Amino acid sequence: MKVLHVVPSFHPAYSYGGPIRSTFELCRNAVELGGDVRVLTTDADGLDRVLDVNKKEEVEFPEGFRVRYCSRRQRHSVSPTMMRLLPTYMRWADVVHLTGVYNFPTFPTIFLARSLNKPLIWSPRGALQRWEGSSRIGLKAVWDFLWYHTADRVELTMHVTSEQERREVSARFPKLRMAMIPNGVDVPADLNRVERNGELRMLFIGRLDPKKGIEALLKACSLVDSELPWRLAIAGWGPPEYVSQLKEQIHALGLGGRVKMLGAVLSEQKKGLFECSDVAVVPSYTENFGIVVAEALAHGVPVIASKGTPWSRLEEMRCGLWVDNDPQSLADAIRSISAMPLEDMGRRGREWMQNEFSWRSVTNQMLALYHQSARRYRSR
């Protein structure tokens, strides 16, 4: 099975958050399971940065797949080189897997899938979900109308990562065929957890963006400030102006002594941060999956997640709380979880991730979807 991933950005462009890691792991595991994988992408790593990578030829990754990085010329993913190469790469593939929605590669990939008769798997990664703070609603509505009525003659399957995402996308685009396959997570073989020192060590980790609910978390922390000993670490990237707003709010709420902004944390540093945390808090207004929830649980860290995330089973599996993300509800959750058996909760969460969210299991499901799409195309 020859699979082409068309993505606006790729590893190591982690300024774009969880989808970068998810696509990388999907490629790596597909190769291990016998797939032939290529990636066509740009060198974008945010609006102001590009990756220091070879842009003249394919890069052979040690994991066994090949990546062609193309120079980004405008915005996040406008690349004439990518458009020039796209027809050749798509002719090579048995199945094309497109990631992202409001990006430059979207329409060319749909048009070519239609003209070259290629089955298309499309992962919106939450882009089609809405919340009250969603930006550029009018422009996105026009974009959605155009692709929805362009893709009606394409062998297209929309890949969603949770039932919550499926419901929201189905309500807006009822004619789409959909497949629900979650993201996977790496479960570390060993952990070196640092024992709690009396304070509740809370962690927010992820992209710094208004939809993540960080302001509500800071207000919640101010409500419990004098009631119990706590600290909050905030790790992740974000636009400089938004990071400045968060720092101003921390100062205005008088939380400077308890809240620390760490910036970007990756790889072993990220593992160490989980090992030094008692609870991860994910107060997002909307998430299609919320990979940080799975990552925290894989590291034995219980989670407080908002009802904007699809993690209602946290309470069923007894490894966290699923709550509204207004400040009062978050404050109540912080008070409650501080008195819970966090070590036992972390162990149960880690076992849950091992049993249901391994990358090998997820990739097998995705490969089955690729084969199913190819068979459906051939029969048609």
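Everything that follows concerns the structure shown earlier in this document.
Now for a quick tour of the structure. Remember, predicted model here, so these are calculated numbers, not experimental data. (Residues numbered from 1 in each chain as written. Predicted model: local features only at pLDDT ≥ 70, side-chain atom pairs only at ≥ 80, totals over all residues. Heavy atoms only, no water.)

As a further point, take the pattern of salt bridges. Taken as a whole and judged by the stated rule, the model has 29 salt bridges. Between R335 and D332 there is a salt bridge; the shortest N-O distance is 2.7 Å. Residue R335 and its partner D332 are both found in helix 11 (residues 327–338); the two are separated by three residues, about one turn of the helix. Here the salt bridges share partners, and the residues they tie into one network are R21, E25, R28, E32, D186 and R360. (Salt bridge = Lys/Arg side-chain N within 4 Å of Asp/Glu carboxyl O. Helix = DSSP H or I, 4+ residues; strand = E, 2+ residues; numbered from the N terminus.)

Bringing the nonpolar core into the picture now. Membership of the largest hydrophobic core comes to 33 residues, with the highest contact counts inside it found for W230, L232 and I304. Sorting elements by how many residues they give to this core places helix 6 (residues 214–223) first, with six residues. The residues touching I304, leaving out its near neighbours within four places in the chain, are V279, A280, V281, V282, L321, V323, L330, A333, I334 and I337. Within the second largest apolar cluster, 32 residues are counted, among which are V6, L85, A113 and V154. (Core = buried A, V, L, I, M, F, W, Y, C linked by side-chain atoms within 4.5 Å. Buried < 20%, exposed > 50% of the residue type's maximum accessible area, 1.4 Å probe, protein only. Contact = heavy atoms within 4.5 Å.)

A few words now on the packing of helix 9 (residues 291–298) against helix 12 (residues 342–356). Two elements in contact, helix 9 and helix 12, have axes whose closest approach is 7 Å; the angle formed by their N-to-C orientations is 115 degrees. Of helix 12, the residues touching helix 9 (which contributes A294, L297 and A298) are G346, G349, R350, W352 and M353. (Axes fitted to C-alpha atoms, helices over the stretch in contact; angles between N-to-C directions.)

Moving on, we get to the packing of helix 3 (residues 106–116) against helix 4 (residues 137–150). Across the interface, helix 3 lies against helix 4 with an axial gap of 10 Å and an inter-helix angle of 10 degrees. Put simply, helix 3 runs roughly parallel to helix 4. Our pair here, helix 3 against helix 4, has a crossing hand that is left-handed. Judged by residue contacts, T106, F107, I110, F111 and R114 of helix 3 engage W143, L146, W147 and T150 from helix 4. (Parallel < 35°, antiparallel > 145°, perpendicular 65-115°, else oblique. Left-handed = near helix turned anticlockwise from the far one by under 90°.)

Read from one edge to the other, the open sheet built from eight strands follows the order 3-4-2-1-5-6-7-8, with strand pairing classed as mixed. Each end of this open sheet is capped by a strand with a single partner; those strands are strand 3 (59–60) and strand 8 (178–180). In this sheet, strand 8 lies alongside strand 7 (residues 156–160) in parallel orientation, the contact comprising three bridges. Across the sheet, residue M158 finds its bridge partner in strand 8, namely M178. Lying over the sheet, helix 2 (residues 80–92) contacts strand 1 (2–6), strand 2 (36–42), strand 4 (66–70) and strand 5 (95–99), oriented at roughly 165 degrees with respect to strand 2. (Pairing = 2+ DSSP bridges.)

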